[in-house]
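What follows is the residue order along each chain.
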Amino acid sequence: MKKSQQEAYKQDYAAAKKDGKPFFPYAIYKDSLIALLAIGIVITLAIVARVEIGEPVNPASSDFIPRPEWYFFFLFELLRIFKNQNVLTPVIMGTFIIPNILILLMIIWPFIDRGPERRIWKRPISMAVGTLVIAFMGYMTYLGATAPEGIGSGETIELEPQDEISTRGTELFIANGCGSCHMIKGVGAAGPGPNLTNEGGKNRGVQWQIDHLKNPQSKIPGSSMPAFASLPQQDLEVLGEYLNNLGTKYK
Ligand code: HEC
């Protein structure tokens, strides 16, 4: 802060203090009133606009795809940005490193921006940074809200021709939660796994698919896909055949 700025600031402050009111009790009184009002609104809403309690939780469900509340969608989207690396990267980046960098930035901001000016139109850099961060969070919230995440049981993937393998394969794809990482013809998640709509086009063969399902790392070193070695041999064979025909026989 420059000397002249400092003087001006001190003068302003002295003038404001002369006809100002002390913090206690005036400011405390106002704060308490507003706090009471806010709590009153919450209590009134709890009485007037009751929220339904949903279905009881089914702990045995394996096809439940958790989605966060809307105000966490931007974090949820962060998880998706760091997909396709190893399993832990998205979690560490999205829930620890990036949020903590932002929080740290907020804590040290008063030490970085030491200007006495408080009028926002005289602080273009702070304004721009603030607006950018809010816009970015808004955009991430939108992306998170519209992300094609998760598929329910009973959902079908429209494949032609419909035969025993395509029907059973789709069922296995959904029942085993493959759709929480992969997408086939618009059904399932856009990541972290690749889109499998044209998997058959890679001509890897049924046996490659079965071996990959049993031990993904043996075929794709460093793959973060979990192993499905505990699936019955019959299911593995159906899935292998199904995957090997996606995009070629099954369109
Ligand atoms: C936890 C997430 C996850 C689940 C669940 C999952 N996968 Fe994967 N899968 C991946 C990832 C990530 C890759 C990419 C690995 C790489 O290339 O490093 C992958 C790769 C694949 C590939 C090779 C794709 C290619 O073109 O290289 C196939 C095929 C596949 N998965 C099928 C399945 C099937 C079938 C299931 C369900 C039985 C399944 N996956 C479940 C994450 C998952």
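## Quick notes on the coordination of the iron atom of the ligand
- At this site the iron atom of the ligand is bound by His182 (NE2) and Met225 (SD), with donor distances of 1.9 to 2.1 Å.
- Considering all 6 donor atoms around the iron atom of the ligand, the spread of angles at the metal, 87 to 177°, places the coordination shape in the octahedral class. One end of the pair, histidine 182, is in the loop between helix H6 (164–175) and strand S1 (183–184); the other, methionine 225, is in the loop between helix H8 (216–219) and helix H9 (233–245), with 43 residues separating them in the sequence.
- For methionine 225, a relative accessible area of 17% corresponds to the buried category.

## Digging into the packing of aromatic side chains
- According to the stated counting rule, one finds 5 aromatic pairs in the structure shown.
- Both rings, one in tyrosine 9 and one in tyrosine 13, keep their centres 6.4 Å apart while their planes meet at 10°; by these two values the pair is stacked. Linking tyrosine 9 with tyrosine 13, this pair stays in helix H1 (residues 3–18), spanning 4 residues, or about one helical turn.
- One Lys or Arg, arginine 204, reaches over the ring of tryptophan 208 and ends 4.1 Å from the middle of that ring.

## Observations concerning the site of the ligand
- The ligand sits among 21 residues. The nearest are Cys178, Cys181, His182, Lys202 and Met225.
- Within the side chain of histidine 182, one N or O atom sits 2.7 Å away from a nitrogen atom of the ligand.
- Between lysine 202 and the ligand, the recorded distance is 2.3 Å, taken from a side-chain N or O atom to an oxygen atom.
- Among the elements that take part in the shell around the ligand, helix H7 (residues 206–214) stands out by supplying 3 residues, more than any other.

What counts and how
Residues numbered from 1 in each chain as written. Predicted model: local features only at pLDDT ≥ 70, side-chain atom pairs only at ≥ 80, totals over all residues. Heavy atoms only, no water. Donors = N, O, S within 2.8 Å, 3.2 Å for Na, K, Ca; no water. Tetrahedral: all angles 85-135°; square planar, octahedral: opposite > 155°, others 65-115°. Helix = DSSP H or I, 4+ residues; strand = E, 2+ residues; numbered from the N terminus. Buried < 20%, exposed > 50% of the residue type's maximum accessible area, 1.4 Å probe, protein only. Phe/Tyr/Trp six-rings, centres within 6.5 Å; stacked < 30°, edge-to-face > 60°. Lys NZ or Arg CZ within 6 Å of the ring centre and 35° of its normal. Near = heavy atom within 4 Å. Polar contact = N/O pair within 3.5 Å; in protein donor to acceptor, adjacent residues only side chain to side chain.

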